[in-house]
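# Summary of the model geometry
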Amino acid sequence: MTISKDHIGGLTFLLLSVTYGYYAGQISLLPGDEFEPFHAQTVPDALAVLGIGLSLLLLMTAHRSSASRISLVGYNFALVAKLLLLVVAFALALEWVGFLLSTIFFLIGGYWLLGERKPKTLLLASVPFAAGFWFVLTQLLDIYLAPGQLFRLFFGG
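This report concerns the structure included in the present document. (Residues numbered from 1 in each chain as written. Predicted model: local features only at pLDDT ≥ 70, side-chain atom pairs only at ≥ 80, totals over all residues. Heavy atoms only, no water.)

### Some thoughts on the nonpolar core
Defined as follows: By nonpolar core is meant a set of buried Ala, Val, Leu, Ile, Met, Phe, Trp, Tyr and Cys residues that side-chain atoms within 4.5 Å join together. The cut-offs for exposure are 20% and 50% of the maximum accessible area for each residue type, with area from a 1.4 Å probe on protein chains only; residues under the lower value are buried, those over the upper are exposed, and the others partly exposed. Only DSSP runs of H or I covering at least 4 residues are called helices, and only runs of E covering at least 2 are called strands; the numbering of each starts at the N terminus. Working rule for contacts: check all heavy atoms of both residues, and any pair within 4.5 Å makes them a contact.
In terms of nonpolar packing, the biggest core is built from 5 residues, these being Ile 104, Leu 107, Ile 108, Leu 122 and Ala 130. Taken together, the elements giving at least two residues each to this core come down to helix 3 (77–113) and helix 4 (119–140). Among the elements that make up this core, the one with the highest residue count is helix 3 (3 residues). When sequence neighbours within four positions are dropped, the list of residues in contact with Ala 130 reads Leu 100, Thr 103, Ile 104 and Leu 107.

### What to know about helix 1 (residues 5–24)
Because an α-helix packs 3.6 residues into every turn, residues spaced three or four apart end up facing the same way. The following threshold applies: A helix is expected to span 1.5 Å for every residue after the first. Note: the arc covers the axis-to-C-beta directions of the helix.
Helix length check: helix 1 (20 residues) gives 28 Å between terminal C-alpha atoms against 28 Å at 1.5 Å per residue, within 8%. If you check which residues of helix 1 are buried, you get His 7, Gly 10, Leu 14, Ser 17 and Ala 24. Taken end-on, helix 1 shows its buried residues confined to a sector of 120°, consistent with a single buried face. Exposed residues lying more than 90 degrees from the buried face of helix 1 are Leu 15, Leu 16, Tyr 22 and Tyr 23.

### Some remarks on the packing of helix 1 against helix 2 (residues 42–61)
Selection criterion: Note on geometry: axes are C-alpha line fits, over the in-contact stretch for helices, and angles between N-to-C directions span 0 to 180 degrees. Each angle is binned into one of four classes, with values under 35 degrees roughly parallel, values over 145 roughly antiparallel, values of 65 to 115 roughly perpendicular, and all other values oblique. A crossing counts as left-handed when the near helix is turned anticlockwise from the far one by less than a right angle, and as right-handed when that turn is clockwise. Here the term charged refers only to Asp, Glu, Lys and Arg, the term nonpolar to Ala, Val, Leu, Ile, Met, Phe, Trp, Tyr, Cys and Pro, and the term polar to all other amino acids, Gly among them.
Contact pair helix 1 / helix 2: the axes reach a minimum separation of 8 Å and the direction vectors enclose 160°. In this view, helix 1 runs roughly antiparallel relative to helix 2, as classed from their interaxial angle. The way helix 1 lies across helix 2 gives a crossing that is left-handed. Residues Asp 6, His 7, Gly 9, Gly 10, Leu 11, Phe 13, Leu 14, Ser 17, Val 18, Tyr 20, Gly 21 and Ala 24 of helix 1 form the contact with helix 2, whose own contacting residues are Pro 44, Asp 45, Leu 47, Ala 48, Gly 51, Ile 52, Leu 54, Ser 55, Leu 56, Leu 58 and Leu 59. When its residues are assigned to classes, the contact of helix 1 with helix 2 shows 14 nonpolar, 7 polar and 2 charged.

### Focus on the packing of aromatic side chains
The geometry of two aromatic rings is summed up by the distance between their centres and the angle between their planes. The condition is simple: Two rings from Phe, Tyr or Trp (for Trp, the six-membered ring) form a pair when their centres sit within 6.5 Å of each other. Planes less than 30 degrees apart are called stacked, planes more than 60 degrees apart edge-to-face, and all others tilted. Our definition puts a charge over a ring when NZ of Lys or CZ of Arg is within 6 Å of the ring centre and also within 35 degrees of the ring normal.
A complete count under the given rule lists 5 aromatic pairs for this structure. Geometrically, the ring pair formed by Tyr 75 and Phe 77 is tilted, given 6.1 Å between the ring centres and 55° between the ring planes. Under the relative-accessibility criterion, Tyr 75 is labelled partly exposed at 43%. Seen from their ring centres, Phe 90 and Phe 106 are 4.9 Å apart, and the 40° between their planes marks the pair as tilted. Looking at Phe 106, the relative accessible area reads 26%, which means it is partly exposed. Aromatic ring contacts, followed pair by pair, group Phe 99, Phe 129 and Phe 133 into a single cluster. Above the ring of Trp 112, the side-chain terminus of Arg 117 is found at 4.1 Å from the ring centroid.

### Some points on the packing of helix 3 against helix 4
Between helix 3 and helix 4, whose axes approach to 9 Å, the crossing angle comes to 145°. Crossing of helix 3 over helix 4 shows right-handed handedness. Where helix 3 approaches helix 4, its residues Phe 99, Leu 100, Thr 103, Ile 104, Leu 107, Ile 108, Tyr 111 and Trp 112 are matched on the opposing element by Leu 122, Leu 123, Ala 125, Ser 126, Val 127, Phe 129, Ala 130, Ala 131, Phe 133, Trp 134 and Leu 137.

### Let's talk about helix 2
Counted at 1.5 Å a residue, the expected span for helix 2 with its 20 residues is 28 Å, and the 29 Å between its end C-alpha atoms agrees. Here helix 2 has its buried residues at Pro 44, Ala 48, Gly 51, Ser 55 and Leu 59. In an axial view of helix 2, the angular spread of the buried residues amounts to 65°, which keeps them on one side of the axis. Facing away from the buried side of helix 2, by more than 90 degrees, are the exposed residues Val 49, Leu 50, Met 60 and Thr 61.

That is the geometry; function is a separate question.
And the structure:
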């Protein structure tokens, strides 16, 4: 059996869609909502079914020729592992240093791993974007972002 990139992508998307569908079923409904035609689970359920259908379609139509076989030569898996560790560090830092600082450090770390070394470029590419994104979320969309445990510890917030 020949495994191609289409097969791997289809199987990955199928796994994500099935998992999403499972968790969409865990969304709690208000009493009586189960009898309504549209409720909190409707769109997530539809997205899960659509994702499952598209991934099965991709699996059925994937090329099976030996020319489309997957080759893992030339990929930098060490860089991918470092970026994944950076994402985990970002998630852990959110609770302690808050959204703004953890996002700035995440972007600086990502740019650094991808090869940018100039401090001025790192800061100019990270700080305005993170600050702008924080501003849109907190001021325009009125989404509460916790300041972080260290901020509360030092400033009593």
